[in-house]
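Each chain, letter by letter, is given below.
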Amino acid sequence: MNAADLPAREAMEFDVVIVGAGPAGLAAAIRLKQLAPDTSVVVVEKGSEVGAHILSGAVIDPIGLDRLLPEWRKEDTPVRTPVSSDRFYVLGSSGAVRLPNVFMPPLMSNHGNFIVSLGDVCRYLGRKAEALGVEIYPGFAAAETLFENGAVAGIATGDMGIGKAGGNKASFTRGMELRAKYTLFAEGARGSLSKMLIERFTLHRNRQPQKYGIGLKELWQVTPENFRKGLVQHTMGWPLANNTGGGSFLYHYADNLVSVGFVVHLNYQNPYLSPFEEFQRFKTHPLVRETFAGGKRICYGARAITEGGWQSVPKLTFAGGALIGCAAGFMNLPRIKGSHNAMLSGMLAAEHVVTALAAGRAHDELADYDAAWRGSPIGHDLWRVRNAKPLWSKLGTVAGVALGALDMWTNTIGFSFLGTLKHGKPDFATLKPAADCRPIAYPKPDGKLTFDRLSSVYLSNTNHEEDQPPHLIVRDPALQKASEHDVYGGPSARYCPAGVYEWVEDEALPRFQINAQNCVHCKTCDIKDPAQNIDWVVPEGGGGPNYPNM
Ligand SMILES: Cc1cc2nc3c(=O)[nH]c(=O)nc-3n(C[C@H](O)[C@H](O)[C@H](O)COP(=O)(O)OP(=O)(O)OC[C@H]3O[C@@H](n4cnc5c(N)ncnc54)[C@H](O)[C@@H]3O)c2cc1C
Ligand code: SF4
């Protein structure tokens with residue numbers, strides 16, 4: 001059925017619509033209601049519940065929570081494990097060198113921070129928002145941005161009950177229009193509507209390309225002997241080669257829980273590299289493998305992170321709306337922290353929305369919000385680390401991180417010898433042809449410490465309605481074969497952390513098979529496909545991972 005034949009959508013009017021119930025969206029919603037209780041605010045969330053799609057480390061800097069909810073320290077919250085020990089190692093294949101904390105730039109210190117499940121923190125923020133009168137609609141994906149006279153006028157949720165081939169099923173339900181004076185996009189890294197808005201309003205003009213990493217994480221219940229409550233440990237080096245950026249995190253929190261994760265920068269060059277297998281290999285290092293002995297892996301997932309920082313943050317505003325949180329790229333890469341800036345940016349945008357509404361404005365540009373962030377604590381946080389990522393990309397891990405640390409030191413005092421460095425190519429353009437690279441032989445999983453993709457995805461509780469239109473759109477199948485398969489040797493089968501993509505070779509022509517129901521919504525394919533030929537769009541609301549506490 002084409003759009004003209006569909007029944008009209010029901011429309012609801014709000015002052016503010018927020019897309020995404022992560023830390024950015026929920027902080028914005030809470031701030032709006034704190035400042036102007038009569039403002040009508042709705043948040044749509046594509047996960048089946050608040051927190052279901054949130055995957056993070058996470059060691060959080062409480063600056064966001066302190067400013068948003070100063071009472072939180074007196075309440076029963078999921079923020080219960082203060083960091084008690086902070087260690088940083090450089091790994092070789094069998095040994096490890098600990099970097100003394102005194103050498104680390106002070107901004108890297110985790111003193112005063114907390115280890116949490118960010119999903120649980122979002123559930124807490126969701127309850128706070130609802131208590132203030134915010135309407136939250138989990139299970140509803142914002143599939144389309146609405147425009148009126150060139151300005152954003154809200155969003156439409158996706159139609160439900162459409163079959164694979166495009167026909168309506170008995171369960172067909174038309175999406176809803178949620179119209180608003182201002183719409184805040186808080187979709188996180190590589191948001192699908194945010195990506196279109198950045199293009200449409202050329203918000204990336206005069207900015208460096210956004211850079212990304214893929215973060216993979218497992219949650220383990222470890223034995224009491226292996227548990228060190230409050231320990232935060234980061235590594236870089238092995239198993240990654242010097243020219244591939246990334247590293248690990250390991251956080252001990254709550255009751256015998258350990259979050260272990262691995263980030264690979266998506267500007268890697270070798271199409272044979274598999275971030276998933278690098279993560280599995282990392283866990284076998286003598287420094288960490290004993291942590292998991294006798295323990296049980298209880299959850300798995302993956303999500304892209306933004307790494308471009310200061311130089312890559314796009315213009316934040318356009319008529320009728322704004323980007324907040326990681327949709328705008330406020331992640332601080334060396335600190336591996338973005339949730340505090342997500343919250344601060346949500347609050348900052350909310351404050352400008354309240355001023356605009358009070359002045360009787362609607363559907364115009366919140367230019368003051370865009371002008372304010374660089375002078376705010378978010379700008380201060382990102383400015384001091386702005387050269388860390390470009391140096392890492394250009395000089396490799398050993399020299400790049402050392403020089404990056406020096407630059408962070410001088411920036412702490414207030415200057416940099418290097419000015420502001422550029423990032424270079426976007427991540428989709430960094431792969432070398434497969435013919436110029438060496439395949440990487442990864443060890444087989446043992447099923448105890450290391451695992452395969454499918455048993456891992458099982459632990460993400462991922463579920464999609466199977467009979468629905470594809471949400472991974474290959475724009476030109478012939479180009480996919482000519483580029484991704486013929487030149488780069490099919491890297492999607494390796495970069496996808498959920499085994500969604502396969503090149504099936506046992507036929508006359510290689511066939512690109514897409515097991516979309518396994519997708520954990522990490523967005524890596526949308527970022528890394530070398531021809532930018534794969535578009536990630538939202539599936540039916542409620543589909544995707546169901547992370548209980550990631
Ligand atoms: C592996 C990893 C480790 C990390 N470690 C840390 C850490 O230790 N400390 C830290 O501070 N930060 C860490 N971060 C970064 C941190 O998680 C992010 O900065 C933060 O989550 C960004 O918040 P956000 O609200 O902008 O986006 P997100 O947290 O990504 O939330 C976006 C929400 O919007 C929803 N959504 C997206 N699109 C739509 C749509 N179209 N319709 C409806 N809903 C939609 C999503 O389902 C999601 O719930 C880490 C990230 C990763 C991946
Ligand atoms: S299909 Fe794309 S978004 Fe989904 S899990 Fe794989 S790489 Fe991530």
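What counts, and at which threshold
Residues numbered from 1 in each chain as written. Chains lettered and ligands numbered in written order. Predicted model: local features only at pLDDT ≥ 70, side-chain atom pairs only at ≥ 80, totals over all residues. Heavy atoms only, no water. Helix = DSSP H or I, 4+ residues; strand = E, 2+ residues; numbered from the N terminus. Polar contact = N/O pair within 3.5 Å; in protein donor to acceptor, adjacent residues only side chain to side chain. Contact = heavy atoms within 4.5 Å. Patch = residues over 30% accessible without salt bridge, like charges linked within 9 Å, V, L, I, M, F, W, Y side chains within 5 Å. Areas by Shrake-Rupley, 256 points an atom, 1.4 Å probe, with all protein chains shown as cover. Salt bridge = Lys/Arg side-chain N within 4 Å of Asp/Glu carboxyl O. Buried < 20%, exposed > 50% of the residue type's maximum accessible area, 1.4 Å probe, protein only. Axes fitted to C-alpha atoms, helices over the stretch in contact; angles between N-to-C directions. Left-handed = near helix turned anticlockwise from the far one by under 90°. Phe/Tyr/Trp six-rings, centres within 6.5 Å; stacked < 30°, edge-to-face > 60°.

Q: Help me understand the side chain of asparagine 515 in this model?
A: Of note, asparagine 515 is situated in the loop between strand E23 (511–514) and helix H13 (524–528). Polar contacts involving the side chain of asparagine 515 include one to the main-chain carbonyl oxygen of glycine 499, which spans 3.4 Å. Among the polar contacts listed, one links the side chain of asparagine 515 to the side chain of glutamate 502, at a separation of 2.9 Å. Beyond its immediate sequence surroundings of up to four residues, asparagine 515 is in contact with Gly499, Val500 and Glu502.

Q: Would you mind going over a nonpolar patch on the surface with me for this structure?
A: On the surface, a cluster of nonpolar side chains totalling about 700 Å² of accessible area is made up of Leu395, Leu403, Leu406, Ile413, Phe415, Phe417 and Leu418. You can call phenylalanine 417 exposed: its relative accessible area is 69%.

Q: Can you walk me through the packing of helix H1 (residues 23–35) against helix H6 (residues 339–358) in this structure?
A: Helix packing for two helices is described by the angle between their axes and how far apart those axes are. Where H1 meets H6, the axes come as close as 7 Å, and the angle between the chain directions of the two elements is 35 degrees. The two elements H1 and H6 cross, and the hand of that crossing is right-handed. Along its contact with H1, which presents Pro23, Ala24, Ala27, Ala28, Arg31, Leu32 and Leu35, the element H6 presents Ser339, Ala342, Met343, Gly346, Met347, Ala350, Glu351, Val353 and Val354.

Q: Which parts of the structure should I look at to understand the packing of aromatic side chains?
A: Geometry of an aromatic ring pair is reported as the spacing of the ring centres plus the angle between the planes. For the coordinates displayed, the defined rule picks out 17 aromatic pairs. Taking the centre distance of 5.5 Å and the plane angle of 85 degrees together, the rings of tryptophan 72 and phenylalanine 114 count as edge-to-face. Of this pair, tryptophan 72 sits in the loop between helix H2 (63–68) and strand E4 (81–82) while phenylalanine 114 sits in strand E7 (residues 114–115), placing them 42 residues apart in sequence. Here the two residues tryptophan 72 and phenylalanine 114 agree in accessibility, since each one is buried. A ring pair is formed by phenylalanine 262 and phenylalanine 279, whose centres lie 6.5 Å apart and whose planes are at 20 degrees; its orientation type is stacked. Placement of the pair is phenylalanine 262 in strand E17 (residues 257–265) and phenylalanine 279 in helix H5 (residues 275–282), with a sequence separation of 17 residues. Among the residues examined, phenylalanine 262 registers a relative accessible area of 1% and is labelled buried. Relative accessible area serves as the criterion here: at 0%, phenylalanine 279 is assigned to the buried category.

Keep in mind that these numbers describe shape and distance, not what the molecule does.
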